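What follows is each chain in one-letter form.
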Amino acid sequence: PGRGGREFPEPGAIYRSNDGETWENILTVPLRYPGEFAVDPTDPDVIYLAAHTAPAFEEGGLYVTTDGGATWERFLTNEDFVGKGGPSWATPLFLTMDPDDPGTLYMGTDGHGLWTSRDRGRTWEQLEGVPFGNIHRVDFDPDDHDKVYITTFGGGVWVGPRP
């Protein structure tokens, strides 16, 4: 049993199909809470995956594959979230890739606010000035790329300049 008495017997999965009839799990890392993923539009073998730490499992963070899921590299771990507000474990759940710059990623968390990477996920910074800890999604205004909408859990929608 994990924290709160919950059990997590089976890891999550990401399924891919090339024909719509047969499906393959490409998540070769045992994650209990895989969250949202983003596929690089310039290279479909590059996939970023946000993962929340499950109770009793130290597996949360950000994972990246550059070979379509055969191998995954962990870019963020629980330690990267310590002292950043919120819980002392990794809470990323949502990812958005900048449609005009695939090297820029936004990561919404459950308690640690909004984070961004401008180097394809290798380094991250927690953004200041967004007044919510629970960020879900960043979406770009189709008529003005410098304007974003940020959805939150319980805090409504924030509209403002692109961070």
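What comes next concerns the included structure.

Counting its regular elements, the protein contains 0 helices and 13 strands. Along its sequence from the N terminus, the protein presents helices and strands in the succession β-β-β-β-β-β-β-β-β-β-β-β-β. Taking 2.2 N^0.38 as the reference for a compact globule, 163 residues should give roughly 15 Å; the C-alpha atoms of the protein span a radius of gyration of 16 Å, in line with that estimate. Considering only C-alpha atoms, the protein reaches an extent of 40 × 40 × 25 Å along its principal axes. Of all 163 residues assigned to the protein, the portion counted as buried reaches 42%. Restricting to contacts in the protein with at least 6 residues of sequence separation, those with at least 24 account for 36%. Surface exposure of the protein reaches about 8400 Å², of which carbon and sulfur atoms provide 50%. Mean positive and mean negative side-chain charge positions of the protein (12 and 27 charges, respectively) differ by 5 Å.

Turning to the packing of aromatic side chains, a few remarks are in order. Counted according to the given criterion, the structure contains 2 aromatic pairs. Aromatic pair Phe81 and Trp115: ring centres 4.8 Å apart, planes at 40 degrees, arrangement tilted. Here Trp115 lies in strand β9 (residues 114-117) and Phe81 lies in the loop between β6 (73-76) and β7 (92-98), a separation of 34 residues in the sequence.

Below, the discussion takes up the side chain of Thr109. Inspection of the secondary structure puts Thr109 in strand β8 (residues 101-109). Within the structure, Thr109 has its side chain in polar contact with the backbone oxygen of Gly113 (distance 2.7 Å). Aside from chain neighbours lying at most four places away, what touches Thr109 is Phe81, Thr91, Pro92, Leu93, Trp115, Gly133, Asn134 and Ile135.

Turning next to the pattern of salt bridges. Tallying each qualifying case throughout the model produces 7 salt bridges. Of the charged contacts, one joins Asp98 and Arg162 as a salt bridge, the two residues approaching to 3.7 Å between their closest N and O atoms. Of the two residues, Asp98 sits in strand β7 while Arg162 sits in the segment after β13 (157-161), which places them 64 residues apart along the sequence. Exposure remark for Arg162: the relative accessible area of 31% places this residue in the partly exposed category. By sharing partners, the salt bridges in this structure join Asp98, Asp146 and Arg162 into a single network.

This part covers the nonpolar core. Counting 16 residues, the largest nonpolar core has Tyr48, Leu62, Leu76, Phe81, Leu95, Met107 and Trp124 as the members making the most contacts within it. Within the second largest apolar cluster, 10 residues are counted, among which are Ile26, Leu27, Val29 and Ala51.

This paragraph deals with the sheet that holds β6. Taken together, 4 strands build an open sheet; the order of strands is β3-β4-β5-β6 and the sheet is antiparallel. The outermost strands of the open sheet, each flanked by one partner alone, are β3 (34-39) and β6. Direction aside, the axes of adjacent strands within the sheet are offset by 25 degrees on average. In this structure, strand β4 (residues 47-51) lies alongside strand β5 (residues 61-65), joined through 5 bridges in antiparallel fashion. Across the sheet, residue Ile47 finds its bridge partner in β5, namely Thr65.

What counts as what
- Within each chain, residue numbers correspond to sequence positions counted from 1 in written order.
- Local features in this predicted model are restricted to residues whose pLDDT is 70 or higher, and side-chain atom pairs enter the listing and the counts only when it is 80 or higher, whereas totals over whole chains, interfaces and linings include all residues.
- Values shown for side chains rest on all heavy atoms present in the structure; no hydrogens or waters enter the calculation.
- Strands here are runs of E lasting at least two residues and helices are runs of H or I lasting at least four, both read from the DSSP assignment and numbered beginning at the N terminus.
- The atom set for the radius of gyration is the C-alpha atoms, and the globule formula is 2.2 Å times the number of residues raised to the power 0.38.
- Working definition: with a 1.4 Å probe on protein chains only, accessible area under 20% of the residue-type maximum means buried, over 50% means exposed, and in between means partly exposed.
- By the convention used here, residues are in contact when the closest approach between their heavy atoms is within 4.5 Å.
- Methods summary: accessible areas were calculated by the Shrake-Rupley approach with a probe of 1.4 Å, and residue burial reflects only the protein chains presented.
- Charged residues are defined here as Lys and Arg on the positive side and Asp and Glu on the negative side; His and the ends of the chain fall outside this count.
- Every charge is mapped onto a representative atom, which is NZ of Lys, CZ of Arg, CG of Asp or CD of Glu.
- In summary, the pairing rule links any two rings of Phe, Tyr or Trp, Trp by its six-membered ring, whose centres are within 6.5 Å, and it sorts them by plane angle into stacked for under 30 degrees, edge-to-face for over 60 and tilted for everything else.
- Any N or O atom pair separated by 3.5 Å or less is treated as a polar contact, with the protein-specific requirement of one donor-capable and one acceptor-capable atom, and with residues adjacent in sequence counted only for side-chain atom pairs.
- A pairing counts as a salt bridge when a side-chain nitrogen of Lys or Arg comes within 4 Å of a carboxyl oxygen of Asp or Glu.
- Take the buried residues of types Ala, Val, Leu, Ile, Met, Phe, Trp, Tyr and Cys, join any two whose side-chain atoms come within 4.5 Å, and each joined set is a nonpolar core.
- DSSP-based pairing: two strands are paired if at least 2 bridges between them are found.
- Angular values range over 0 to 180 degrees, each being the angle between N-to-C directions of two axes fitted as lines to C-alpha atoms, with helices fitted over their stretch in contact.

What is shown is where atoms sit, not what they do.
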